[in-house]
Amino acid sequence: MKSRLILALAGVCAVALAIALAIAPSASRTQRASAAVNGLSLHGLSKLQKNHLSGFASFEAGIGVSAKAAAARANARMSNAGVNLCPRNFGPNVLVNQNCLNVTDVDLQGRAQAQNETAIAQNPNNPRQMVAGFNDYRRGDGTCGTAFSTNGGSSWTDSTMPNGYTRGTAFGNVLRQYWQAGGDPSVAWDSRGNAYYACQVFMRPGFVTNNPDTSSAVYVFRSTGDAGASWNFTGHPAIETFASSQTTGLPLTDKPYMAVDSSPTSPFRDRIYVAWTQFATNGTGYIFDAFSKDYGQTFSRPVLVSTTSPSLCSNTLGLPTPRGTCNFNQGADPFVAPNGTLYIAYSNFNTTTTGNDNHFQVLVNKSTNGGQSFSAPVKVSDYFELPDCAAFQGGQDPFRACVPEKGTAQNSIFRASNYPSGAVNPTNPNQVVVTIGSYINRDSNESNGCAPNGNNPNTGGQLYTGVKTPGACNNKIMLSVSNNAGASFTGSTTDPRLLPVVNTARGQATTDQWWQWTGFTPRGTLVSSYYDRQYGSAEFTGDMDFSVSTSRNLSTFKVMRATSGSMPLPTQFPDAQGNSQFIGDYTGMASVSGAHPIWADTRNPDAFVCPGTAAPGVPPALCTAAEPNGLIANDQQIYTRGMPAS
């Protein structure tokens, strides 16, 4: 990595995010707070940290968020407001969240409306039982939304996550700790029919509210006996943070994800794992994990995952190395083999590059003792991040990547990044598969006019030639395979330009696919789901679909369209032009019986009070609206679909 990317911590953000790690004095600790670590509050982030902070955390903290909201212009009056506010299925696409649309003030479009950032899981003992998780904004701020299905996903019922407050022992030894916001969901089942939901909760920083409390935590909730219809109260902490405006210099907990060992034959049967990134005030970002061996009642102290490797992590970015040379990472994905081996894959940024090269790498560490310790990292693959959004889309968020459409339009600016998603073949525990998004790949490279072009000196974001040129750059989901239980991968020594991809349909060769999730069916079929711009003119308009790729041999793939029609670019949480800045950070998928992708959908129209109505003597009426960019204002709803995958 070039020296211009070695960014110091001296610069403090104009806005401060308050998500971090702390604990009450040891004398006041209880089992419920056993997984906390010492820390104080957050003063600011370096440019490097802002560049790799999750979209959810940075958006919720206001980093890069437009100060001026879009002024949507009213269009036609809705002929049947009740129908428009209460969306239904789109043919085979099944609505997961069952709420009707709240009608918000124009300058708060998206707040009290949207759902995004999806997760889904099936009961391995009864695949008709499913739970889903998503960021849910219907109460006016993000919280941990959930729904459940008892008929294999044909219909869904909303449930309520009881995350309004938790015990306050770790937060100054008080009775209760109330939470303002939450999100970053993940869901899973154990081998005995219990469902689990991991949820990140936090308090707002000072520029949003005058509450001095800036604490945060990750809690795990369990559903026992009713398959996601209800959840235990309170949630039990995988990690907790106590922070306030009176304290200084705190680590930042970001992007947690959960996995459960659901194999009845595993020596660690039903063990729960939660992994996350810890951004520290010294500029580092290590991956940690905590585990529970009592069904989520208590969690271990954090265990370091991203250890050290002088050969793989050769560029320490000018930062200290208190826990090893692999000192800056993000996007942990834990997954478990049938024999109980735990793998955690993640993006690592300690690569050494020359010239215009700007690649990063995916590493994996494994644990054979139930998450108590981890092996040295193994390289899964190099990859190339999505392009710097400000450089190509004229956006107002200087530290985010996005998925630019081709041509002259600049409407596709929602935050996006590439990440790994892994799984172990249940019919062959030695076969470990990791999929990775990459902007340079077998279909997108120098041969067709797409070339790495270094980094933006102001943001550290990735630059490329050919980003807006039709037929040149495009993002793909690459496949890296280990047949020796993670000791090495096909991508360990193979250039991303030569790795196979799961996006093999003819229309995908020159179009973008991103935000994948990957798993195996019980019979060993690999399944990957992802957003897709191969249909119609989506490459130029920025419209999106959702697709699924399946393979029985990891070499030939069947690609199926999941959405029944293309989705327009999102408009909720808009910038001044009406372009959406946030539609989540990832998507999920379940594959216990067939494939069950889940995604945030934008096909339902948004609604506003018609101008001139809701006035003395004039009853309120609802209208659709157009954003300043001309796009019809739309909502973000959660949809899924059951699809074949033998």
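A brief report on the enclosed structure follows.

What counts and what doesn't
- Residues numbered from 1 in each chain as written.
- Predicted model: local features only at pLDDT ≥ 70, side-chain atom pairs only at ≥ 80, totals over all residues.
- Heavy atoms only, no water.
- Disulfide = S-S within 2.5 Å.
- Helix = DSSP H or I, 4+ residues; strand = E, 2+ residues; numbered from the N terminus.
- Buried < 20%, exposed > 50% of the residue type's maximum accessible area, 1.4 Å probe, protein only.
- Contact = heavy atoms within 4.5 Å.
- Polar contact = N/O pair within 3.5 Å; in protein donor to acceptor, adjacent residues only side chain to side chain.
- Pairing = 2+ DSSP bridges.
- Axes fitted to C-alpha atoms, helices over the stretch in contact; angles between N-to-C directions.
- 1 Å grid on protein atoms, 1.4 Å probe; cavity = no way out; pocket = protein on both sides within 12 Å on 5 of 7 lines; lining within 4 Å.
- Points joined across faces, edges and corners; volume = space filled by probe spheres on them.
- Nonpolar A, V, L, I, M, F, W, Y, C, P; charged D, E, K, R; others polar.

**Considering the state of the cysteines**
Thinking step 1. By the definition in use, this model includes six disulfides.
Thinking step 2. The disulfide partner of Cys-144 is Cys-199, and the S-S distance across this bridge is 1.8 Å. Across the S-S bond of Cys-144 and Cys-199 the torsion is about 70°, and the bridge reads as right-handed. Of this pair, Cys-144 sits in strand S5 (residues 143-149) while Cys-199 sits in strand S10 (residues 195-202), and the two are 55 residues apart along the sequence. Comparing Cys-144 with Cys-199 shows no difference in burial state: the two are buried.
Thinking step 3. Across the protein, the disulfide pattern expressed with sequentially numbered bonded cysteines is 1-2, 3-4, 5-6, 7-8, 9-10, 11-12.

**Things to note about the environment of Thr-613**
Thinking step 1. Looking at the element boundaries, Thr-613 is found in the loop between strand S32 (608-609) and strand S33 (622-626).
Thinking step 2. Dropping the residues within four chain positions of it, Thr-613 is found in contact with Arg-77, Val-618, Pro-619, Pro-620 and Ala-621.
Thinking step 3. Within the local environment of Thr-613, its side chain forms a polar contact with the backbone nitrogen of Ala-621, the two atoms lying 3.3 Å apart.

**Here's the deal with the sheet that holds strand S31 (residues 596-601)**
Thinking step 1. Across the sheet, which stays open at both edges, the four strands sit in the order S2-S34-S31-S30 with antiparallel pairing between neighbours. With one partner strand each, in any of the chains shown, strand S2 (94-95) and strand S30 (588-590) form the two edges of the open sheet.
Thinking step 2. Across four bridges, S31 lies against strand S34 (residues 637-640) in antiparallel orientation. Considered in S34, the bridge of Ala-600 is made with Ile-638.

**Overview of the sheet that holds strand S29 (residues 558-561)**
Thinking step 1. An order of S26-S27-S28-S29 is seen for the four strands of this open sheet, with the pairing classed as antiparallel. Of all strands in the sheet, those with a lone pairing partner are strand S26 (513-520) and S29, marking the two edges. With strand direction ignored, the average angle separating the axes of adjacent strands in the sheet is 20°.
Thinking step 2. Two elements, S26 and strand S27 (residues 526-532), share six bridges in a ladder whose sense is antiparallel. When the sheet's bridge partners are listed, Thr-518 is paired in S27 with Ser-528.

**Notes on empty space enclosed by the protein**
Thinking step 1. Counted by the stated rule, this structure contains five cavities of 30 Å³ or more.
Thinking step 2. Here the largest cavity defines a volume of roughly 300 Å³.
Thinking step 3. Forming the walls of the largest cavity are 27 residues, and the residues nearest its centre are Asn-51, His-52, Glu-385, Arg-400 and Ser-417.
Thinking step 4. Across the lining of the largest cavity, the residue classes tally to ten nonpolar, eleven polar and six charged.
Thinking step 5. In this model, the second largest cavity occupies a volume close to 90 Å³.
Thinking step 6. Broken down by secondary-structure element, the contributors of at least two residues to the lining of the second largest cavity are strand S13 (252-260) and strand S17 (329-336).
Thinking step 7. The class makeup of the residues in the lining of the second largest cavity is six nonpolar, one polar and two charged.

**Re the layout of surface pockets**
Thinking step 1. By volume, the largest pocket amounts to about 1000 Å³.
Thinking step 2. Residue lining of the largest pocket: 37 residues in total, with Val-260, Ser-262, Val-336, Phe-520 and Val-592 positioned closest to the centre.
Thinking step 3. Residue assignment for the lining of the largest pocket shows that the elements contributing at least two residues are strand S3 (115-123), strand S9 (181-189), S13, S17, strand S21 (420-424), S26 and S30.
Thinking step 4. Here the residues of the lining of the largest pocket sort into 26 nonpolar, nine polar and two charged.

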